[in-house]
Amino acid sequence: MHEMEMEIMISPTSRKRLCFHQGQWQTSDGEETFPIESSVVNLLKSELLDQSALGEISSFESIPLIGICYFREAIFKLAMKRLRPYLPDHSLRFADLAGGGGHFANAIKEELSVDSQIYVVDISARFLKSAPSEFKKICSDIRYPVFQQNSMDVAALWVALHHFNLSDQRACLTEAFYALKQGGTLLLFEPNHDFFPRKLLMSFNFLKKNVYFDEEEKHLSSKKVVALAREVGFSHAETTFLNPAYSREFTKKLKFGLLYFILTEFFYLLDCLKISSFLNFFLKEWWGMYFLTILNRPAPCPSCSCHEVSFKFKKQSSSLFKCNHCSLEYLYPKPSLVELQKLYNENYYSPWLQDSSEGQLKLLKEATFKRYLNQITTYKTTGALLDVGCALGSFLKLAREEGFTPYGIDLNPVAIESAKKITDNAWVGTLESMSFEANSFDVIVMSDLIEHVLDIKSTLAEASRILKEDGILLIATPNTNSLSHLLMRKHWPHYKMEHLHYFNPKNFAAVAEQFVILKIFSVIKNISLSYFGNLLCKYSEHFLISAVGRFCTLFSKYIYNLKICFPMGEMGIILKKEKIK
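Residues numbered from 1 in each chain as written. Predicted model: local features only at pLDDT ≥ 70, side-chain atom pairs only at ≥ 80, totals over all residues. Heavy atoms only, no water.

With 84% of its residues at a pLDDT of 70 or more, the protein chain shows a mean pLDDT of 84. Within the protein chain, helix H20 (residues 529–539) has the poorest average pLDDT of any element, 61, and strand S16 (residues 383–388) the best, 97. Contacts of residues 351–358 to residues separated by more than four positions or lying in other chains number 18 contacts, the stretch itself having pLDDT below 50. (pLDDT = per-residue confidence, 0-100. Helix = DSSP H or I, 4+ residues; strand = E, 2+ residues; numbered from the N terminus. Contact = heavy atoms within 4.5 Å.)

Spelled out as structure tokens, the structure:
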């Protein structure tokens, strides 16, 4: 066992980092040592072993089922199918907590990146020894810490929590939360004690004593587990109720195993025929023997730093979360600046450029931007104007004609080449990277920009710094309180990988502390039927919305000159820099 292979382990008593030295794992100060036996690192400490732990070890040692998997492999594949959308695209660290012989980890390892690291943790060294040799095996009580903080990408608790009482369940979830990175995922697979046929069987003493029901099992329901996980800090992604078939090898070892085998086969058949799903629609968890719940460990809200957030849905390699306090929606993990720059390539404006006439494209953009200028000139009529995210420079052209001195910045070098035809004061970069002098601008415009920035507060602080006293800031951004968002939900075309934050009027006021909001208005955009169709096709996966998009694109060929004034679900905000007191 190499020194670097398991360097993320810590002592369960002191949380000190462990390192491999002279054939043992020990803390850097040498005060604690942990032995290795047959490739299993033993973190069990006698002072941690309470009656519950001793009972579990005794139970495992007496079960003649080592090497036998309870379930058919199909259930592992189904669990992986549910888990896959939440996995990062890169190699990952996966912890199978209370993983026994590593059956779940072994069943899904082929679907993980080849350089992923798999850790199996269990209280029984006997079970661990039967796990595949390529796994990193740790003998420990999962109620106590095993891994360093923020070290795991994914963890699984497979048929484990039902062995514990409520306080111990909380301890297990807390340690999983501690070990997972922000944005990490926890999969829970547990017996559902609200399953009606199970309740019926358990009501007969003869069956209860002679059919394989663990009398030490604690009552679990998906709702109770999700509520407990939320208390710890997790957000709930999804729950599925399943009826897995047990393996023949397992049921052969049980008293009345044939009866158990027939029952599980029957309910498994209901699942295969989709009858169980039909029953679940009406009876919910009453017709699921087990529940599979997926939880996320989100990053705190970037606006109010609240940890009470809800998972909304998966978007490619990231997840969308909503703050329960301020309702800000945000993507996590966020793409890096380098990844964003790759998104803003020469094809980024392709939906607009579906129009064959460049002149018509400019007319459409200018009609929308004239509305913005009309809003600005209510407060400022001349001065230096900076367009952050200036794109092709259409707004800079109108601002110059109106009497402003235009400046522009954008991450897209192709767009800046176009903007430079309008003004020499156009550069590639972010607002923060430009290092403009303080009090340089009378007006700053951020049209379809603020939702793209990595750090909202930093960007707004820089805008405040470089604005003159009583300077004006215009922002146009998607509005989660809009009708289009209410109707289209997760198929809203504004949900894009490059959109990192989503606001409504209330939470934007909270994040823009350096400014006074003068006005909020609904943005009406001039668009072509072709652009509208391409927008729906490119950014929505819903078949009906995409069909409408394709129809608009096709129909636009016959009525090319049709232009639409359309509320796209965005809000405009006019802000004034507060005077320094």
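Further remarks concern the sheet that holds strand S5 (residues 40–42). The strand order S4-S5-S8-S7-S6-S9-S10-S12-S11 describes an open sheet built from nine strands, whose pairing is mixed. Only two strands of the sheet have a single partner each, and these edge strands are strand S4 (36–37) and strand S11 (235–242). By the bridge criterion, eight bridges tie strand S10 (residues 180–191) to strand S12 (residues 290–297) in an arrangement that is antiparallel. In the strand pairing of S12, Leu 187 is matched with Ile 294. Each of strand S6 (93–97), strand S9 (152–158), S10 and S12 touches helix H5 (residues 166–179); the most contacted strand, S10, lies at about 150 degrees to it. (Pairing = 2+ DSSP bridges. Axes fitted to C-alpha atoms, helices over the stretch in contact; angles between N-to-C directions.)

Inspection of every chain in the model, using the stated rule, returns 19 salt bridges. Salt-bridge contacts for Arg 143 lead to Asp 141; the nearest nitrogen and oxygen are separated by 2.6 Å. Accessibility assignment for this pair places Arg 143 and Asp 141 in one class, buried. Lys 312 is the salt-bridge partner of Glu 329, the closest N and O atoms lying 3.0 Å from each other. Of this pair, Glu 329 sits in strand S15 (residues 329–332) while Lys 312 sits in strand S13 (residues 309–315), and the two are 17 residues apart along the sequence. (Salt bridge = Lys/Arg side-chain N within 4 Å of Asp/Glu carboxyl O. Buried < 20%, exposed > 50% of the residue type's maximum accessible area, 1.4 Å probe, protein only.)

Glancing now at the packing of aromatic side chains. One pass over the full model with this rule turns up 37 aromatic pairs. Centroid distance Tyr 246 to Tyr 260: 5.5 Å. Interplanar angle 80 degrees. Geometry classified as edge-to-face. On the criterion of sequence distance, the pair formed by Tyr 246 in the loop between S11 and helix H9 (248–252) and Tyr 260 in helix H10 (residues 257–272) is long-range, its members being 14 residues apart. With relative accessibility at 3%, the residue Tyr 246 sits in the buried group. Between the aromatic rings of Tyr 495 and Tyr 502, the centroid separation amounts to 4.9 Å while the plane-to-plane angle is 70 degrees, which identifies the pairing as edge-to-face. Residue Tyr 495 is classed as buried on the basis of its relative accessible area, which comes to 2%. (Phe/Tyr/Trp six-rings, centres within 6.5 Å; stacked < 30°, edge-to-face > 60°.)

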